[in-house]
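Here are the chains, one letter per residue:
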Amino acid sequence: MGLLTIGTFAKASRLSPKALRLYDELGLLTPARVDPVSGYRLYAPEQLDQARLVAWLRRLGMPLARIQHVSTLEPAAAAQEIRAFWAEVEADTAARRNLASFLIDHLSWKEPAMSPTTNPLGIRYAALSDTGLVRGSNQDTAYAGSRLLAVADGYGSAGAPASAAAVDALKRLETDSIPAGNLLNVLEDAIEQAKQAVDGVAGTGSSPEEGGTTLTAMLWTGSQLALVHIGDSRVYLLRDRELFQITQDHTMVQSMVDEGRLTPEEAASHPQRSLLLRALGQGTDDSPDMRLHDAQQGDRYLLCSDGLSTVVPTDEIRRALSEIREPEQAVRKLITLANGSGGPDNVSCVVADVMQLQQ
């Protein structure tokens, strides 16, 4: 078969002549020959496979620069690159889905009608952080107040000041009056201030080894808890003696579980289980998950660093939260459980109970 005209090649490859001309100008899909008189582009039949790959990748939404890179790879490497790109797309979609959910809940939620005899809800809380049995210093920060609950797990040479700076940046939320319609903007501003605070103590270099932190926090609004989450610290909800994890770990292994490449059991012992995809620090994706949770009387929330969740089985966590009434005793028990399992990492816990306030 001889060379194909641009029209015939466009039809066979499902790319428009306009797209083919653009890809030629970018060096992505160069014609086999250009007629020196007419300037007409001619393509070889063996270029169809590459053209179809380009068309499929464009349908995925892959940027042209990345398609150009993929086109130079061997099939196995190209498949790996496409897999990595799609994981990024799904992560971005999940983040936007969470934001959409937050906005829908925030805009559609109405204050429940309160009878004259109904007491308002509040929280009672306790926070505790421990170095563990192996680490020489504690890079975690845990905080609990009447409105703000937070856990941050620092890493790198400036991990301790980074985690402290992130939590300190949120503490103004304890005293600031937040209009109901301004909650999303307030949280966004607070996260931006936390980012700046972490950069200030961890340096401005591009190496993550210089320091960074996870940040998981909940803001009590009087009837709801607004969640902000970056990293692999976690929030659990105990409701009717059932324990639910309500955050998603931003780690490499969790993304591999989501893609079906690892089972949860394999992820628990994977050598890269602590590799973060999102955190506060230079050179990292610092976009947070945000959502709202309607509070019910009797709910118990646990915020914890991975020093608890990676060493203490979930059923033991549930049992401790279910059986121990006082938040202060509960956080002490959870840290005892972590240290009883070897205490390989710093461990921080915040426990908060939703309860009726006495008038």
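Here the structure is a predicted model, which is why all the values come from computation and not from measurement. (Residues numbered from 1 in each chain as written. Predicted model: local features only at pLDDT ≥ 70, side-chain atom pairs only at ≥ 80, totals over all residues. Heavy atoms only, no water.)

> So what's going on with the packing of aromatic side chains? Residues and values would help.
Under the criterion given, the structure shown has 1 aromatic pair. Taking 4.3 Å as the distance between ring centres and 10 degrees as the angle between the ring planes, the aromatic pair formed by Phe9 and Tyr43 counts as stacked. Taken together, the positions of Phe9 in helix H1 (residues 6-13) and Tyr43 in strand S3 (residues 41-43) put the pair 34 residues apart, joining distant regions of the chain. (Phe/Tyr/Trp six-rings, centres within 6.5 Å; stacked < 30°, edge-to-face > 60°. Helix = DSSP H or I, 4+ residues; strand = E, 2+ residues; numbered from the N terminus.)

> Tell me about the sheet that holds strand S2 (residues 33-34), residues and numbers included.
Pairing within the open sheet is antiparallel, and its 3 strands lie in the order S1-S3-S2. Looking at strand neighbours, the two that pair on one side only are strand S1 (4-5) and S2, the edges of this open sheet. Note that S2 and S3 share 2 bridges and pair antiparallel. Bridging across to S3, Arg33 finds its partner in Leu42. (Pairing = 2+ DSSP bridges.)

> Give a description of the pattern of salt bridges that names residues and reports values.
Scanning the model with the defined rule gives 17 salt bridges in all. Residue Arg66 is joined to Glu88 by a salt bridge in which the shortest nitrogen-to-oxygen separation is 3.0 Å. Remark: Glu88 occurs in helix H5 (residues 75-108) and Arg66 occurs in helix H4 (residues 64-71); sequence separation between them is 22 residues. Given a relative accessible area of 19%, Arg66 falls into the buried group. When its relative accessible area of 44% is taken as the criterion, Glu88 is described as partly exposed. Among the ionic pairs, Asp315 bridges to Arg319, the shortest N-O distance being 2.8 Å. Of this pair, Asp315 and Arg319 both sit in helix H11 (residues 314-323), 4 residues apart, which is roughly one turn of that helix. (Salt bridge = Lys/Arg side-chain N within 4 Å of Asp/Glu carboxyl O. Buried < 20%, exposed > 50% of the residue type's maximum accessible area, 1.4 Å probe, protein only.)

> Run through the nonpolar core, naming residues and quoting values.
Grouped burial of nonpolar side chains is what soluble globular proteins tend to show. The biggest cluster of nonpolar side chains holds 29 residues, and the ones touching the most others in it are Leu170, Leu173, Leu183, Leu187, Leu215, Leu219 and Leu280. Mapped onto this core, the elements with two or more residues apiece are strand S6 (148-155), helix H6 (159-170), helix H7 (183-202), strand S8 (215-220), strand S9 (224-230) and strand S13 (289-294). Element by element, the count of residues in this core is highest for H7, at 9 residues. (Core = buried A, V, L, I, M, F, W, Y, C linked by side-chain atoms within 4.5 Å.)

> Give a description of H11 that names residues and reports values.
Looking at H11, one finds that the buried residues are Ile317, Ala320, Leu321 and Ser322. Elements in contact with the buried residues of H11: strand S10 (234-239), strand S11 (242-245), strand S14 (300-304), helix H10 (306-309), helix H12 (327-340) and strand S15 (347-356). (Contact = heavy atoms within 4.5 Å.)

> An account of the confidence of the model for the chain is requested, with residue identities and associated values reported.
Per-chain confidence: the chain averages 86 in pLDDT, with 89% of residues scoring 70 or above. Long-range and interchain partners of residues 113-117, a stretch whose pLDDT sits below 50, account for 2 contacts in this model, where long-range means more than four residues apart. (pLDDT = per-residue confidence, 0-100.)

> Explain the sheet that holds S11 to me, using residue names and the numbers behind them.
Pairing is antiparallel in the open sheet, where 5 strands are placed in the order S4-S15-S14-S10-S11. The open sheet is flanked by strand S4 (121-130) and S11, the only strands paired with a single partner. Within this sheet the neighbouring strands show an average axis-to-axis angle of 20 degrees, counted without direction. Two elements, S10 and S11, share 4 bridges in a ladder whose sense is antiparallel. Within S11, the residue paired with Tyr236 across the bridge is Gln245. Here H11 sits on the sheet in contact with S10, S11, S14 and S15, set at roughly 125 degrees to S11. (Axes fitted to C-alpha atoms, helices over the stretch in contact; angles between N-to-C directions.)

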